[in-house]
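What follows is each chain in one-letter form.
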Amino acid sequence: LILLIVYLKIQKKFRIKCAYTLFVVAIFWLTEALPLGVSALIPAFMFPLFGIMSSKQVASAYFKDFHLLLIGVICLAASIEKWKLHKRVALRMVMLVGVNPAWLTLGFMVSCSFLSMWLSNTSAAAMVMPIVEAVAQQIITAESEVDALEMSYSNGSTNPGLELDGRHMLQFIYSQHSILGQQEYREDKYNGIFKAMCLCIAYSATIGGWTTLTGTSTNLIFAEQFNTRYPDCQCINFGSWFVLSIPITVIILLLSWIWLQCMFKCGKEKSAREKASARVIQEEYNKLGPISYPEIVTLVLFILMTLLWFTRDPGFIPGWSSLFPKYKGFATDSTTALVIGLLFFIIPTKPLSRTSNGENTGFGYTPLITWKEFQSCMPWEIAFLVGGGFALAEGCEVSNLSAWVGSKLTPLGSLPLWLIILISCIIVTSVTEVASNAATITIFLPILSPLVTIHVNPLFILIPATLCTSFAFLLPVSNPSNAIVFSYGHLSVMDMVKAGLGINIISVAVVMLGIMTWMVPLFDLYTYPSWAPIISSTNNTGL
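These lines cover the structure that appears in this document, whether it is placed above or below. Treat the numbers as computed from the prediction; the structure is a model and nothing was measured. (Residues numbered from 1 in each chain as written. Predicted model: local features only at pLDDT ≥ 70, side-chain atom pairs only at ≥ 80, totals over all residues. Heavy atoms only, no water.)

Concerning the pattern of salt bridges
- One pass over the structure, following the stated rule, counts 4 salt bridges.
- The partner of Arg 88 in a salt bridge is Glu 295, with the nearest N and O atoms 2.8 Å apart. Placement of Arg 88 in helix α7 (residues 85-97) and of Glu 295 in helix α14 (residues 293-311) is noted, with a sequence separation of 207 residues between them.
- Looking at Glu 295, the relative accessible area reads 4%, which means it is buried. (Salt bridge = Lys/Arg side-chain N within 4 Å of Asp/Glu carboxyl O. Helix = DSSP H or I, 4+ residues; strand = E, 2+ residues; numbered from the N terminus. Buried < 20%, exposed > 50% of the residue type's maximum accessible area, 1.4 Å probe, protein only.)

This is the structure we're talking about:
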């Protein structure tokens, strides 16, 4: 290793030095030999040592607009989790769809995916799974009581064990075998339903995350690196990403629900199960009590932040950013997130009340969230990981590694465009199953971005690849939400592999459908954009 570093030190080609740094960081990220955030700091000392970038240049790459957006979003998430607004929303949505096993599964999927749009996938899964587990245990208890009662009445006695003569002895032995047989049958039948309920939480937490730009770190990493690489584009923002991804989310969510129903056969069941489910959900909701003042304020700020994101620059009409024509492009989604985020540290948890004579009553001032609560929710590892990705991206540009990779990828232009996209999707989907999603997108963006040299709109390649980095459905270790669900003990690894393989195929197919249909007019994908590098070669991608 020392000899290799010495060789690279005297090597004059900076792209080789940068490629070595990228390789080392990728190995550490894929193996997780060190924490991801620690491995992300490797470019901070290797680039200056190799003469690729100065320490000041590298350090500036570790804090971008992305980090300000992340801070604002975490302020919102911390308040939502502190005041249990997410639990109220999830339970209410499940109560709306009913408690039939199939519809209950869909209700859990919709509520969990909605929460993961605004919270981390891990938080959404960790919040909903205890509710699913409580419902499962209550179903077992209720069905056992019903079966015991039915068996007691069928024997003509509430205590058949006391009647041991002749006919009653045979009846008692037969009833015990029947009870044991029913328990085994019930356990097998429950296992399928409970597996479907658990998997629906793991998958919907991931599916909902890619719907919004702030829902998962991979989307944020892509948006920041893309806008940095192509500053004249300004086409990737909260509103445009939501429009392109919401059809994908809805289609994959419904197809995943159908797939799980077919695999585990969750059909119409006895009323005892439905009553047990309804009782648990209602009890959980009643424990929350009436909606509190902090919950109302958090909900209002959440709606306000979302509206400001959507209306900043919707595209089809002028947004509120047009009110500042002299400073076009200055205000971004992070501006909105920071303004709303600061309000959580200002607004008190209790409204100011007055006495009967009009005087203000004194109370201890406590904001909606404190700095310690914010720190406990802030994903510092992701912040450093993204910073390391930005540093690698800038290093690839400065050392001309991106241009060199692009020149080597030029022969791909002879392939049909759909095949290029499919190959990149399959590769990224395979890698993200064994590596973290954020590390995968950080590694592949500098590799896939040079494909612009085949005279294709960069979005044609990068949007599907970004979405596919979230398709980690196969293994418990593929992402944290899978691990949380697996820890409850209802699933085996093969259960996740069998179900996840189908979800992976469905997801890649839907993304391919989307990139070839409704996303084309949204970004005018068949036209080589003016904001992309000027390429002298002709379009030979099979369009």
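Here the narrative resumes.
Structural notes on the side chain of Gln 225
- Among the secondary structure elements, Gln 225 is positioned in helix α11 (residues 217-229).
- A relative accessible area of 9% places Gln 225 in the buried class.
- Other than its neighbours up to four places away in sequence, Gln 225 contacts Gly 389, Phe 390, Ala 393, Thr 442 and Leu 445. (Contact = heavy atoms within 4.5 Å.)

Quick look at the side chain of Ser 470
- Mapped onto the secondary structure, Ser 470 falls in the loop between α21 (458-468) and α22 (480-486).
- What makes Ser 470 buried here is its relative accessible area of 3%.
- Setting aside chain neighbours within four positions, we find Ser 470 in contact with Thr 206, Trp 210, Thr 216, Thr 218 and Asn 437.

Thoughts on the state of the cysteines
- With the rule as written, the count across this model stands at 1 disulfide.
- Note that Cys 233 is cross-linked by a disulfide to Cys 235, the S-S spacing being 2.1 Å. Given an S-S torsion of about 65°, the disulfide between Cys 233 and Cys 235 has right-handed geometry.
- For Cys 233, a relative accessible area of 12% gives the class buried.
- Judged by relative accessible area, Cys 235 falls into the buried class, the value being 18%.
- No disulfide involves Cys 425; its nearest neighbouring cysteine sulfur is the one of Cys 468, lying 3.5 Å away.
- The class for Cys 425 is buried, based on a relative accessible area of 0%.
- Residue classification places Cys 468 among the buried positions, given a relative accessible area of 0%. (Disulfide = S-S within 2.5 Å.)

Notes on the environment of Ile 291
- Among the structural elements, Ile 291 can be located in the loop between α13 (271-288) and α14.
- Between the alpha carbons of Ile 291 and Lys 84 there is a distance of 9.9 Å; along the sequence they are 207 residues apart.
- Aside from chain neighbours lying at most four places away, what touches Ile 291 is Arg 88 and Ile 296.

Without other data, these values stay purely geometric and don't point to any function.
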